[in-house]
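# Chains, contacts and geometry: an overview
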Amino acid sequence: MRREDILGKIATTGNDFVVDIGGGHRPFPRSNLVIEKYPFDHSLHRDRPMQFPTIPVIKADALTLPIPDGGCDLIFASHIIEHLPDPAGFLQEIKRCSKRVYLEFPTRKRELMFAWSYHQWMIETEGPVLKFYRNDLPQMFGDFFHVEYDAALGAWSEARHEHLNTSLYGLAEELVCEFPEMSASERVLSDSPRGNSRFNFATDITRPKYTLWECAAIAAQSILPPTVYAAAARRKEPVTFPADIPSSVLARLMCLHCRGISLKRSGEQIECSCGARYTRDRGVFDFDVPNHNTLTA
Ligand SMILES: [Zn+2]
């Protein structure tokens, strides 16, 4: 199943306040607000300039969201939770802020293939239970898959989205975190097929249908030197500033100092009646904890 089909099942109404956490250059299109910890760091996106969407972006930490209790209808967090040192704290923060949640993260298969060293966890699920295995998987292929495979075979992995990514969508309060003692490597080895009947490599092979455009894109990238499509990708992605925060979104935000919800816009700042001020850098208001502490009036 493709990602767009999975996202198509997320039900939202026009009044829903939807917040994307960490969506960066590719947020959930229905989002009213994107919250990014590192809005200008694109080192994990193959050093491409960040393409901001036409959705307002603020800078904040995932564990201290400037959103009042029950303040949003849906939190969308795609490929974030595996990066966080404290995923249980993040889940708690999601439950505080939102009724519903969409979580997406790599499956074990994808963690093994890409072996991203900067992922803190390999995550497996059992119903609403998320099991976090400390990531100690060896990078047997270096960053080959991340650098080369993502660039050349985007269409390949799009068509296999469900094999490569876990998607959880539902009530936030139902989700449970578990931290098994074994590490990711120990977990993988515990499931080794050695000793079982023969490992059937055919069971997991699917034959997705590619569009003509995807076939052409794969064919072109397989024969062209990488510099050609890297240049094409750069041309497509100019640095842009995100959309300004409309008053309807500002009214949904909470001051991180006094937890009040009477934030006012004053030129290049957002101000609270308690005296706290949140400044703006390249179109992004800064609600990140270590920074806003220094901004107290
Ligand atoms: Zn305040």
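Because the structure is a prediction, the values reported are computed rather than measured.

Here we take up the overall build of the chain. Secondary structure assignment for the chain yields 11 helices and 13 strands. In the chain, which comprises 297 residues, the share counted as buried stands at 28%. For the chain, restricting intrachain contacts to residue pairs at least 6 apart in sequence, the fraction spanning at least 24 positions comes to 66%.

To continue, consider the confidence of the model for the chain. The pLDDT averaged across the chain works out to 83; a share of 81% of its residues lies at or above 70. When pLDDT is averaged over each element of the chain, helix α2 (residues 87–97) comes out on top at 97 and helix α11 (residues 289–292) at the bottom at 62. Long-range and interchain partners of residues 195–203, a stretch whose pLDDT sits below 50, account for one contact in this model, where long-range means more than four residues apart.

The subject of this paragraph is the pairing of strand β4 (residues 72–78). Most of β4 is tucked away: six of the seven residues are buried. In the sheet, strand β1 (residues 18–21) pairs with β4 via three bridges, with the strands oriented parallel. Across the sheet, residue Val19 finds its bridge partner in β4, namely Ile75. Alignment of β4 against strand β5 (residues 98–106), held across six bridges, turns out to be parallel.

All right, on to the sheet that holds β4 then. Within the open sheet, the 10 strands sit side by side as β8-β5-β4-β1-β2-β3-β13-β12-β11-β10. Their pairing is mixed. If you trace the sheet from one side to the other, it starts and ends with β8 (165–171) and β10 (264–266), each paired once. Across the sheet, the mean angle separating the axes of adjacent strands is 25° when strand polarity is ignored. Of the strand pairs in this sheet, strand β11 (residues 269–271) and strand β12 (residues 277–281) are connected by three bridges, and their pairing is antiparallel.

Procedures and definitions
- Residues numbered from 1 in each chain as written.
- Predicted model: local features only at pLDDT ≥ 70, side-chain atom pairs only at ≥ 80, totals over all residues.
- Helix = DSSP H or I, 4+ residues; strand = E, 2+ residues; numbered from the N terminus.
- Buried ≥ 20, exposed ≤ 12 C-beta atoms within 10 Å, placed from the backbone.
- Contact = placed C-beta atoms within 7 Å.
- pLDDT = per-residue confidence, 0-100.
- Pairing = 2+ DSSP bridges.
- Axes fitted to C-alpha atoms, helices over the stretch in contact; angles between N-to-C directions.

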